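# Results of the structural survey
For reference, the chains in residue letters:
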Amino acid sequence: MMTLRRAPAALAVAIVLLALAGCAQPAPAASTPTATPSASPSPTASATVEPVRVPFDGDCARIFTDDDLVTITGAESSTHSGGSLNAIPPDLPASAAVVGGLDCGWRGDGAGGAYVWVTLIPASVVPAELAQVPADEPCLVHCQRSEVIGDTWALVVVPPVYAAEREPTPEESALVQGRLDAAFQALRAHGAALAGSPGPDTERVLPACDTLAGPVQQAVGVSEPVSGYPTDLFPEGPTWEVLRSQGLVEWCAWYDAAVGVEVFWQADAGPPSDEALAEVAAEPIDVPGADVAYTLTGRADAPAVVVVGDNHRWTLGGYGMSLDALQAAAAAVVAQGR
């Protein structure tokens, strides 16, 4: 459910005065008054609402040159890694785009695990407590930093170049910070091209996990539920928190000894792209109440389904349950989310 805040339109009220003239005899008739027409009200200019605009028109290839990527990743070449339905969380770039944001990643070709990920979001929608993400030392999993460049909040994430079991050497720390520095230098060079627009103010209300818990657990057969999911891979990080603060994303999960299920909600994200669906060998299925629905047969940890209703998207996955049970859970989620 979402409510768009709009200023109430001005209501023009036309008041017409009707003069009735009466005559009395034998007095001479009074002269008929001449009505002065009232001036037509001047039209009120409607406020201009700027539509959503994504940096670089959504083209990640315009952010870094090939030489930039060599410097930032340390790999001789890199391949763009977009928002995948296999990722956790799935297809986050689709949610960033709702508020004029762009989320792009590249992986270095070959061995080594080199990558860089960049998020650009209008600074006006980023909470103050999330605006500055300092670079942690040492960074054990991801090395990240954020800056506000003009009107844009920019986050850059790169991997560490040292093992998590030990402290980095000064040379290793300098290498990581140099890669972050190179990324921000390239971003700042774009100037106003970084800027997106979040569009009109919109209030979004996500269904609470407590609201979804009963229907989902009943559908998939979680008998003694524990909140969460038995894995160390779950949605987190500054980009997730910024989008969550705008009511754009949520994650709910429950499990017991035999069954686990997780639900990702993406408000206003719409259906996945044809490319994203093809990547996971998606096949259309029927889910009551959904506008469109797919089973993701190409996922490593099947089953999983994606459903869309009222332009909102839900991705459900888990273990220990049938596809029929997952479809029933998806129908329950759609019913609660509309």
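The text that follows walks through the structure, step by step, so that each part is easy to find.

Cut-offs used in this document
Residues numbered from 1 in each chain as written. Predicted model: local features only at pLDDT ≥ 70, side-chain atom pairs only at ≥ 80, totals over all residues. Heavy atoms only, no water. Phe/Tyr/Trp six-rings, centres within 6.5 Å; stacked < 30°, edge-to-face > 60°. Helix = DSSP H or I, 4+ residues; strand = E, 2+ residues; numbered from the N terminus. Buried < 20%, exposed > 50% of the residue type's maximum accessible area, 1.4 Å probe, protein only. Pairing = 2+ DSSP bridges. Salt bridge = Lys/Arg side-chain N within 4 Å of Asp/Glu carboxyl O. Core = buried A, V, L, I, M, F, W, Y, C linked by side-chain atoms within 4.5 Å. Contact = heavy atoms within 4.5 Å.

### Some points on the packing of aromatic side chains
Enumeration over the complete set of coordinates arrives at five aromatic pairs. Consider the rings of Phe234 and Trp251, whose centres lie 6.3 Å apart with planes at 20 degrees: the pair is stacked. In this pair, Phe234 is assigned in the loop between β8 (226-227) and α6 (238-245) and Trp251 in strand β9 (residues 249-255), connecting sequence segments 17 residues apart. Its relative accessible area of 34% is what places Phe234 among the partly exposed residues. The class for Trp251 is buried, based on a relative accessible area of 19%. Geometrically, the ring pair formed by Trp265 and Trp314 is edge-to-face, given 4.9 Å between the ring centres and 75 degrees between the ring planes. Placement of the pair is Trp265 in strand β10 (residues 260-266) and Trp314 in strand β14 (residues 312-319), with a sequence separation of 49 residues. Pair check on accessibility: Trp265 and Trp314 agree, each one buried. Through a chain of ring-to-ring contacts, the aromatic side chains of Phe234, Trp251 and Phe264 assemble into a single cluster.

### What about the pairing of β10?
Of all the seven residues making up β10, seven are buried; the element is thus mostly covered by neighbouring parts of the structure. Residues Gly260, Glu262, Phe264 and Gln266 point to one face of β10 and Val261, Val263 and Trp265 to the other, with burial holding for every one of them. Pairing of β9 with β10, which is carried by seven bridges, proceeds in the antiparallel orientation. Note that in β10 the partner of Tyr255 across the bridge is Gly260. Between β9 and β10, which pair antiparallel in sequence order, lie four residues. Sheet topology places β10 next to β14; seven bridges connect them, and they run antiparallel. Paired with Gln266 across the strands is Arg313, a residue of β14.

### Regarding the pattern of salt bridges
One side chain can pair with another of opposite charge once the charged atoms of both are near each other. According to the stated counting rule, one finds seven salt bridges in the structure shown. We note a salt bridge from Arg62 to Asp57, for which the minimum N-O separation is 3.6 Å. Note on Arg62: relative accessible area 40%, which makes it partly exposed.

### What to know about the nonpolar core
Grouped together as the largest cluster of nonpolar side chains are 29 residues, with contacts concentrated most on Trp254, Val261, Val287, Val307, Trp314 and Leu316. For this core, the element with the most residues is helix α8 (residues 323-337), which contributes seven residues. Setting aside residues no more than four positions away along its own chain, Val307 makes contact with Val287, Ala290, Val292, Ala293, His312, Arg313, Trp314, Leu316, Ala330 and Val334. Grouped together as the second largest cluster of nonpolar side chains are 27 residues, Phe56, Phe64, Ala154 and Leu194 included.

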